[in-house]
Amino acid sequence: MTGGFEQASAAAGLDSGYSTTQSPQATQSPQANESPLATQDSTAPRGSTLTQGHMATRMSPVTSTLETTPFQNFSGYQIGVGRADCTGQVADITLMGYGKSGQYARGILTRLYSRAFIMAEPDGSNRMVFVSIDIGMVSQRLRLEVLNRLQMKYGSLYRKDNVILSGTHTHSGPAGYFQYTLFVIASEGYTNRTFEYIVSGIVQSIEIAHTNMKRGRILINKGNVDGAQINRSPYSYLQNPQSERARYSSNTDKEMIVLKMVDLNGDDLGLISWFAVHPVSMNNSNHLVNSDNMGYASYLFEQEKNKGYLPGEGSYVAAFASSNLGDVSPNTLGPHCINTGESCDNPNSSCPIGGPNMCIAMGPGQDMFDSTQIIGRIIYQKAKELYASASQEVTGPLASAHQWVNMTDVTVWLNSTHTAKTCKPALGYSFAAGTIDGVGGLNFSQGAMEENPFWDTIRNQLLGSPSEEIKECHKPKPILLHTGEMLRPNPWHPEIVDVQIITVGSLAITALPGEFTTMSGRRFREAVQAEFASYGMQNMTVVTSGLCNVYTHYITTYEEYQAQRYEAASTIYGPHTLSAYIQLFRALAKAIATDSVANLSSGPEPPFFKQLITNLIANIMDRAPTGKTFGDVLQPLEPKYRVGEVAEVTFVGANPKNSAENRTHHTFLTVEKYEATSQTWQIVHNDASWETRFYWHKGLLGQSNATIRWHIPETAQPGSYRIRYLGHYRKQDFLRPAVILSFESTSSTFEVVTT
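Since we're looking at a predicted model, the values are computed, not measured.

1. Describing the overall build of the protein chain
Okay, so step 1: From N to C terminus, the protein chain includes 13 helices and 38 strands.
Okay, so step 2: Taking 27 Å as the expected radius of gyration for a compact globule of 755 residues, we find that the protein chain reaches 25 Å, a close match to that expectation.
Okay, so step 3: Its C-alpha atoms put the protein chain at 80 × 70 × 60 Å along the principal axes.
Okay, so step 4: In the protein chain, which comprises 755 residues, the proportion classed as buried is 62%.
Okay, so step 5: With the model as given, the accessible surface of the protein chain reaches about 27,400 Å², and the carbon-plus-sulfur share is 49%.
Okay, so step 6: Once the 58 positive and 66 negative side-chain charges of the protein chain are each reduced to a mean point, those two points are 2 Å apart.

This is how it looks when you write it as structure tokens:
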């Protein structure tokens, strides 16, 4: 997250007797309800039902009716992959990530998807689910509701210990799906419309993977990616011991890990890639919902494998998941003063004229769209290379371990005789500065080590004063927001946090509940790997999977914390946060290695709050201008375009957020080509295509326009084309409830020529 202070004012047919996770309950606050309501309509799973039991970690063997062939001489896994739309609303909602006031969604560049991967042992018993989601981060509320719906449908098959939900960290997805007050304020309110859309998309992707499980193999490969990242806080990185830094050739993690999934015939099923880079190629001036650079890599890989299908369609699924990206930027030209052009690569990321607000990092392209595609293509090309050459097979049993932990009260053993403690959450002054990828806007500077009487006075008047205890615990951080002591209307930050590891043979996927910096991730991986090794699990590959399960901002090293740049100011549990996570995850690794997971305490359950501040943007009736109707063309197309040009048409529009409620149409647009031989119009692009852009222009009194642009690629075939607009409008008659009705419209026909 890159922000500032202004924004904060049963495989089908499988039967299992395995245990269930409890439904989310309110154990933290009297305002929480006992269980999130499961409002999704879903069909019953194929095959037999699943019985519930007590909590455990391993399943008793189950019988698969998916694969009737005996499993002798089969060392692979049951594998299922699935992808589902989780876009949510694309208008009248804040984009989540930068926390920039006024950065509302006003259309769509690409759809957002949830990509699910299920891996089970050959007999269908032990299994795991990894889901990579095109959203800013996974909120605790999302995870609790997804687990609840999975439990209602599948019983104990999918649980809190064997399901990982990971956000890609795009900063161009909708906000509004959080329950802790700081994030609710940054979202400008909770929006159940988008929450439901994301939850149902995640669940649907898991259902698709569950229904399509087949026997297959998993191959792993690793390699370095060059030219896609820089460290955006190099002066923090330099605080780490020189002897430690000398062990690495770069101040970013360049290694990409790729899992290749194929069936027993060698046919492709899917890919998971982990690589550390912020998806912030699209900057904070953007208003189009999209999946940024990592999403573009997924787009390219899936288009390559699902030939003949539109984006978002086809059986092959490619996830480019987040890792320890905390201090890693894709804006490879580095920070420069946008008013003078000189470098501002200094400890405070500040310019001589204009201060920190002028210091912004730029990507390699001509604009943010170009930069997104350049970085995404670099990532895609390396994944494609590693995928093609993958030969090392992942084999061995699956296991999982999970705990809920009160991160405000962890005793950390620094050595055999000395301890320290984590803190109640708090954000430092440099949090308000933002980063070189997106400045905060109020002239705060990174690296702030002292309080400011002006801002302290405003805070104290509005929110109260931080206690001496929290100030002492967080030193040297000067506290701007003492969120751990701010409990109204709900706590501002989480206390209860998930820690989780899933192992697939010699691969350990660690679910990080935030953004680890480069060196934090290195220390963490090394410690977890050593813990596995000390109990007999040698040569484990440890993956740091970022933005998982609950969002807790950043995790820096103790040394980086002393510099108090943005990432350190956003390390909310204090200077010993990383040490605490290492200690907790080592305990999980030990439990897996010694087969003693059943002895782990599940920990205190997190709350699920019933009363939330809702989004204040009203739902008003859509209106067409006098004499017009929805979908009428206002600005027509030209009769002819060359490849490389942009075809643009404007229609009488309706609010696109209606389409997050009534899903009659699954795209806002199509580009269609006339096929003379069949005398039919064939869809060649939809709103998930990177060649199309859908802009919504909000007017007064419910009136609006919709503009569709098609950036005609060089590969476009000459011929006759048309553009269709598909939308939904809100209608409300006197004394009657509002209804949302679908409509569609078609442009005039135009020709595309090559010269």
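2. Comments concerning the UniProt feature "domain: Neutral/alkaline non-lysosomal ceramidase N-terminal" (unreviewed entry) in the protein chain
Okay, so step 1: Mapped onto the present numbering, the UniProt feature "domain: Neutral/alkaline non-lysosomal ceramidase N-terminal" (unreviewed entry) falls on residues 77-583.
Okay, so step 2: Helix makes up 27% of residues 77-583 and strand 27%, with an end-to-end C-alpha separation of 31 Å.

3. A word on the pattern of salt bridges
Okay, so step 1: Summed over all chains, the structure comprises 35 salt bridges.
Okay, so step 2: The salt bridge partner of Arg247 is Glu526, with a shortest N-O separation of 2.3 Å. Of this pair, Arg247 sits in the loop between α5 (242-245) and β10 (255-263) while Glu526 sits in helix α10 (residues 518-534); the two residues are 279 residues apart in sequence, bridging distant segments of the chain.
Okay, so step 3: Residue classification places Glu526 among the partly exposed residues on the basis of a relative accessible area of 39%.
Okay, so step 4: The salt bridge involving Glu559 is made with Arg523; its shortest N-O contact spans 3.0 Å. Here Glu559 is found in helix α11 (residues 558-563), whereas its partner Arg523 is found in helix α10, with 36 residues between them in sequence.
Okay, so step 5: Residues joined in a network through salt bridges with shared partners are Arg83, Arg115, Asp134 and Glu302.

4. Remarks on the pairing of strand β8 (residues 214-224)
Okay, so step 1: Relative to β8, strand β1 (residues 77-85) is paired through 3 bridges, and the arrangement is antiparallel. Paired with Gln78 across the strands is Arg215, a residue of β8.
Okay, so step 2: Sheet topology places β8 next to β10; 9 bridges connect them, and they run antiparallel. Bridge pairing in β10 links Lys222 to Ile257.
Okay, so step 3: By the bridge criterion, 3 bridges tie β8 to strand β16 (residues 392-394) in an arrangement that is antiparallel. Each bridged residue has a counterpart across the sheet, and for Ile218 the counterpart in β16 is Val394.

5. A few points about the packing of aromatic side chains
Okay, so step 1: For the structure on display, the rule yields 36 aromatic pairs.
Okay, so step 2: Between Phe301 and Tyr387 the ring centres are 5.3 Å apart and the planes differ by 75°, which places this aromatic pair in the edge-to-face class. On the criterion of sequence distance, the pair formed by Phe301 in helix α6 (residues 292-305) and Tyr387 in helix α7 (residues 368-389) is long-range, its members being 86 residues apart.
Okay, so step 3: Among the aromatic residues, ring-to-ring pairing joins Phe630, Phe651, Phe668, Phe694, Tyr725, Tyr729 and Phe743 into one connected group.

6. As for the environment of Tyr695
Okay, so step 1: Mapping Tyr695 onto the fold places it in strand β34 (residues 692-698).
Okay, so step 2: On the accessibility criterion, Tyr695 (17% relative accessible area) is buried.
Okay, so step 3: Setting aside its immediate chain neighbours within four residues, Tyr695 contacts Arg106, Leu288, Asn705, Ala706, Thr707 and Arg709.
Okay, so step 4: Polar contacts involving the side chain of Tyr695 include one to the side chain of Arg709, which spans 3.5 Å.

7. Concerning the UniProt feature "domain: Neutral/alkaline non-lysosomal ceramidase C-terminal" (unreviewed entry) in the protein chain
Okay, so step 1: Per the UniProt record, the feature "domain: Neutral/alkaline non-lysosomal ceramidase C-terminal" (unreviewed entry) sits at residues 585-752.
Okay, so step 2: Here residues 585-752 runs as 5% helix and 39% strand, with 57 Å between its end C-alpha atoms.

8. Notes on the pairing of strand β4 (residues 113-120)
Okay, so step 1: With respect to burial, β4 is a largely interior element, 8 of its 8 residues being buried.
Okay, so step 2: Burial along β4 is two-sided: the face carrying Tyr113, Arg115, Phe117 and Met119 and the face carrying Ser114, Ala116, Ile118 and Ala120 are both buried.
Okay, so step 3: Taken together, the 7 bridges between β4 and strand β5 (residues 127-133) define a ladder with antiparallel strand orientation. In the strand pairing of β5, Ala116 is matched with Val131.
Okay, so step 4: Between β4 and β5, which follow one another and run antiparallel, lie 6 residues, and Gly124 among them has a positive phi close to 85°.

Each value, and the rule that gives it
- Residues numbered from 1 in each chain as written.
- Predicted model: local features only at pLDDT ≥ 70, side-chain atom pairs only at ≥ 80, totals over all residues.
- Heavy atoms only, no water.
- Helix = DSSP H or I, 4+ residues; strand = E, 2+ residues; numbered from the N terminus.
- Rg over C-alpha atoms; globule rule 2.2 N^0.38 Å.
- Buried < 20%, exposed > 50% of the residue type's maximum accessible area, 1.4 Å probe, protein only.
- Areas by Shrake-Rupley, 256 points an atom, 1.4 Å probe, with all protein chains shown as cover.
- Lys, Arg positive; Asp, Glu negative; His and termini not counted.
- Charge placed at Lys NZ, Arg CZ, Asp CG, Glu CD.
- UniProt positions renumbered as here; feature names shortened; annotations may be inferred.
- Salt bridge = Lys/Arg side-chain N within 4 Å of Asp/Glu carboxyl O.
- Pairing = 2+ DSSP bridges.
- Phe/Tyr/Trp six-rings, centres within 6.5 Å; stacked < 30°, edge-to-face > 60°.
- Contact = heavy atoms within 4.5 Å.
- Polar contact = N/O pair within 3.5 Å; in protein donor to acceptor, adjacent residues only side chain to side chain.

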